[in-house]
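Inside the fold
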Amino acid sequence: MAKRILVAAICAAAITSSAMANHLDPKNPSGTIVDRFADIEVLRYTVPGFNELPLDRKLFIYYLTEAALAGRDILWDQNGKYNLALRQIAEGIYRNYDGNRDDKNFKAFETYLKQIEFGNGAYHHYSTDKFTPGFTQNWFEGQLINLMKKNPEVAKNISPDEGRMVMRLIFDPAFMPKRVNQAEGADLILTSANNLYEGVTQKEVEEYFNAKKDPNDKTPISYGLNTKVVKENGKVKELPYKIGGLYSAAIERIVENLNKALPYAETEKQRNSIIELIKYYTTGDLRTFDTYSILWTEDTTPVVDFINGFIESYGDPLGMTGAWESIVNFKNAKASERTETISNAAQWFEDRSPVDPRFRKPEVKGVSAKVINAAILAGDAYPSTPIGINLPNANWIRASHGSKSVTIENITQAYDDASHGNGFNEEFVIDQPTRDLLDKYLFITDNLHTDLHECLGHGSGQLLPGVDPDALKAHGSTLEETRADLFALYYLADPHLLELGLLDNPDAYKAEYYKYMLNGLMTQLMRIEPGKDVEEAHMRNRKLIAEWALEHGKKDNVVELVTKNGKTYVKINDYRRLRELFGKLLAEIQRIKSEGDYAAGAKLVEQYAVKVDPKLHREVLDRYAKLSIAPYKGFVNPVYTPVLDDKGRIIDIDVTYEEDYLPQMFRYSDNYSPLTRK
Ligand code: ZN
């Protein structure tokens with residue numbers, strides 16, 4: 001299920017708020033650009049408040065960050081069978097290279113290496129398309145031969161067969177071309193290059209799980225979440241990720257550090273949840289994972305919190321297997337007042353939601369919401385990271401135990417800090433009054449949109465009895481994100497936000513409305529290559545909403561695309577009517593979800609969310625190119641170092657923000673790579 005918020009590079013890029021001026025401290029590295037290559041910008045984030053934490057909390061965080069880093073190889077391997085071999089070869093060549101660093105092939109190779117480090121493998125983190133090398137096969141082969149001679153350890157780790165496969169992976173565009181294929185009609189398993197399935201067809205996988213599922217089970221496990229599905233002796237079977245199973249060496253290191261963290265747990269519930277997590281990693285039992293998830297969800301009081309496991313399933317075209325990730329964080333008390341206000345009013349919002357009353361939740365269960373600062377990002381949350389998370393994903397746990405929702409403020413802060421004066425608003429926003437509106441209110445309304453989407457949107461509404469939660473199939477993620485976004489958009493314009501003290505101007509919401517329509521209709525297209533469709537669920541959802549509103553507002557001229565000096569601009573003529581349209585579409589999407597109306601959902605997605613107008617697309621790309629803003633951003637982590645006294649006891653944890661992008665990757669490969677040593 002789709003419970004994570006990805007920043008539209010655009011929303012961050014669009015923020016040029018003067019209200020942010022207080023973050024322009026030259027000594028504060030938040031938002032500093034560490035590296036820039038291909039379509040990527042790597043930024044630094046800082047961890048405000050870490051130094052002020054008591055030693056026990058710092059130690060707790062430290063061991064949890066070690067547990068986070070220990071899982072890095074798992075995600076690389078999940079993302080593709082030859083990724084770990086590719087990384088060892090590519091890093092080996094780069095680190096052993098003693099030729100001319102201005103050489104054209106070397107330069108292109110350096111970019112390629114940075115790309116695969118960012119994608120945790122051979123594929124773009126967002127489009128999931130395979131990277132294209134800009135260096136020649138000849139050059140690379142020469143480097144590889146050199147490496148094998150100079151560095152026998154790499155030669156020992158990589159079998160000749162793996163070496164050949166890595167060559168094909170890099171240079172044969174038709175070989176394993178896409179990590180996650182969502183194209184309607186294809187066998188999504190056979191045509192996806194991820195390493196979550198092997199030797200099985202989509203039909204076989206679906207039959208296998210259908211036979212296991214009991215439609216009357218009110219508390220189903222998350223089938224396939226922590227397994228690779230293979231065929232052995234003609235029979236489909238699952239290989240669990242666990243100690244003694246797949247990825248054992250990495251999981252052992254995770255568990256070792258969870259055990260070290262355990263004495264510092266803040267509450268009994270937190271202690272028990274960590275014990276259950278360890279048990280789950282040891283046995284691979286998904287019932288234990290549910291027990292852990294419930295304890296974790298109900299434990300809302302600790303300052304320090306973390307996720308560590310197989311969580312989100314975007315990397316699986318069937319949406320079952322979880323990509324390994326970890327985020328360690330602690331509460332930002334001041335900023336959390338905002339989300340607490342929203343979640344305390346959850347029932348108020350639910351009762352007034354513009355959907356058929358049958359689809360409303362009679363009782364919204366504890367949506368706990370807080371604002372956090374991330375201490376480390378790892379696995380699927382690194383280097384590209386979400387700005388908000390809402391977990392757990394299991395529907396029945398959410399219904400009976402609620403969910404935890406967070407906004408990661410030091411990450412959104414770093415995005416904002418990085419976006420000053422990049423010229424985006426001047427290029428794409430229609431006029432000065434609208435730019436002024438964005439300057440003044442986009443930061444707060446964008447944060448509120450995230451809060452509302454996470455705390456209320458995903459948790460709102462209910463399925464009619466007997467409706468299969470997976471009924472919307474391949475369109476489930478897109479429609480779920482659409483629903484959460486519409487809920488947030490609809491309520492952002494509600495006067496109740498002023499009554500709650502969350503906004504101080506009844507027109508503030510217009511800033512987010514303008515940015516949302518601009519992004520959905522135009523500027524997010526800069527992330528799509530010419531000629532390609534929109535594929536990623538969040539991008540589809542934004543396009544669906546914006547295009548639908550444009551078309552359905554036509555007769556009343558609610559929103560239009562106008563041309564000035566040969567450039568296209570979004571013009572919103574009637575913000576109140578636009579809100580009504582958002583409410584209307586929310587009612588329909590909720591109906592589709594509640595009734596499991598696959599046909600209607602598929603029709604909306606296909607009609608509004610996928611196809612790109614090539615002329616407008618070209619214009620956006622050209623205008624964007626002139627600004628030289630990277631479409632995608634990610635982060636390097638801080639470095640945590642224990643400070644020891646003369647008896648070797650840890651007396652403090654030091655945090656620094658100086659490590660660069662590739663050095664960080666190489667350090668991780670050297671110190672946190674249990675799956676690459678043979
Ligand atoms: Zn979401």
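Residues numbered from 1 in each chain as written. Predicted model: local features only at pLDDT ≥ 70, side-chain atom pairs only at ≥ 80, totals over all residues. Heavy atoms only, no water.

Residue position: Q590 is located in helix α23 (residues 575-595). Judged by its relative accessible area of 3%, Q590 falls in the buried class. A polar contact is formed between the side chain of Q590 and the side chain of R483, at a distance of 2.8 Å. Apart from the residues within four sequence positions on either side, Q590 is in contact with V355, F359, S460, G461, Q462 and R483. (Helix = DSSP H or I, 4+ residues; strand = E, 2+ residues; numbered from the N terminus. Buried < 20%, exposed > 50% of the residue type's maximum accessible area, 1.4 Å probe, protein only. Polar contact = N/O pair within 3.5 Å; in protein donor to acceptor, adjacent residues only side chain to side chain. Contact = heavy atoms within 4.5 Å.)

What follows deals with the confidence of the model for the protein chain. Averaged over all residues, the pLDDT of the protein chain equals 92, while 95% of them reach at least 70. Every residue in residues 1-25 scores below 50 in pLDDT, and together they form 89 contacts with partners more than four places removed in sequence or on other chains. (pLDDT = per-residue confidence, 0-100.)

Let us look at the nonpolar core. Counting residues in each nonpolar core, the largest one holds 206 residues, and the members touching the most others are F140, L258 and M517. If sequence neighbours within four positions are ignored, F140 has contacts with I89, I93, F109, F135, M167, I170 and F171. (Core = buried A, V, L, I, M, F, W, Y, C linked by side-chain atoms within 4.5 Å.)

This part is about the packing of aromatic side chains. Enumeration over the complete set of coordinates arrives at 40 aromatic pairs. Taking the centre distance of 5.7 Å and the plane angle of 25° together, the rings of Y280 and Y281 count as stacked. The class for Y280 is buried, based on a relative accessible area of 1%. Of the aromatic side chains, those joined through ring pairs into one cluster are Y94, Y97, F106, F109, Y112, F135, W139, F140, F171 and F666. One Lys or Arg, R101, reaches over the ring of Y94 and ends 5.4 Å from the middle of that ring. Over the face of the ring belonging to Y569 we find K564, whose NZ or CZ atom lies 5.2 Å from the ring centre. (Phe/Tyr/Trp six-rings, centres within 6.5 Å; stacked < 30°, edge-to-face > 60°. Lys NZ or Arg CZ within 6 Å of the ring centre and 35° of its normal.)

Bringing the sheet that holds strand β6 (residues 235-240) into the picture now. Strand order in the open sheet formed by 3 strands is β4-β5-β6, with mixed pairing between adjacent strands. Strands with a single pairing partner mark the edges of an open sheet, and in this sheet they are β4 (197-198) and β6. Alignment of β4 against strand β5 (residues 227-232), held across 2 bridges, turns out to be parallel. The residue bridging Y197 from the neighbouring strand is V229, located in β5. Contacting β4, β5 and β6, helix α9 (residues 202-212) crosses the sheet at an angle of about 75° to β6. (Pairing = 2+ DSSP bridges. Axes fitted to C-alpha atoms, helices over the stretch in contact; angles between N-to-C directions.)

Here the structure, examined in full by the defined rule, presents 7 cavities of 30 Å³ or more. Taken as a whole, the second largest cavity holds about 100 Å³ of empty space. Contributing to the lining of the second largest cavity are W296, D305, F306, I307, I327, N329, K370, I389, N390, L391, K404 and V406. Secondary structure elements with two or more residues in the lining of the second largest cavity: β7 (304-312), β8 (323-331), β10 (388-391) and β11 (403-408). Of the residues assigned to the lining of the second largest cavity, the class counts are 7 nonpolar, 2 polar and 3 charged. (1 Å grid on protein atoms, 1.4 Å probe; cavity = no way out; pocket = protein on both sides within 12 Å on 5 of 7 lines; lining within 4 Å. Points joined across faces, edges and corners; volume = space filled by probe spheres on them. Nonpolar A, V, L, I, M, F, W, Y, C, P; charged D, E, K, R; others polar.)

Scanning the model with the defined rule gives 56 salt bridges in all. Of the charged contacts, one joins E427 and R623 as a salt bridge, the two residues approaching to 2.7 Å between their closest N and O atoms. Taken together, the positions of E427 in helix α17 (residues 424-428) and R623 in helix α25 (residues 614-627) put the pair 196 residues apart, joining distant regions of the chain. Just as E427 is buried, R623 falls in that class too. Where E512 meets K515, a salt bridge forms, and the shortest distance between an N and an O atom there is 3.5 Å. Of the two residues, E512 and K515 are both situated in helix α21 (residues 509-521); the distance of 3 residues between them amounts to about one turn of the helix. When its relative accessible area of 6% is taken as the criterion, K515 is described as buried. (Salt bridge = Lys/Arg side-chain N within 4 Å of Asp/Glu carboxyl O.)

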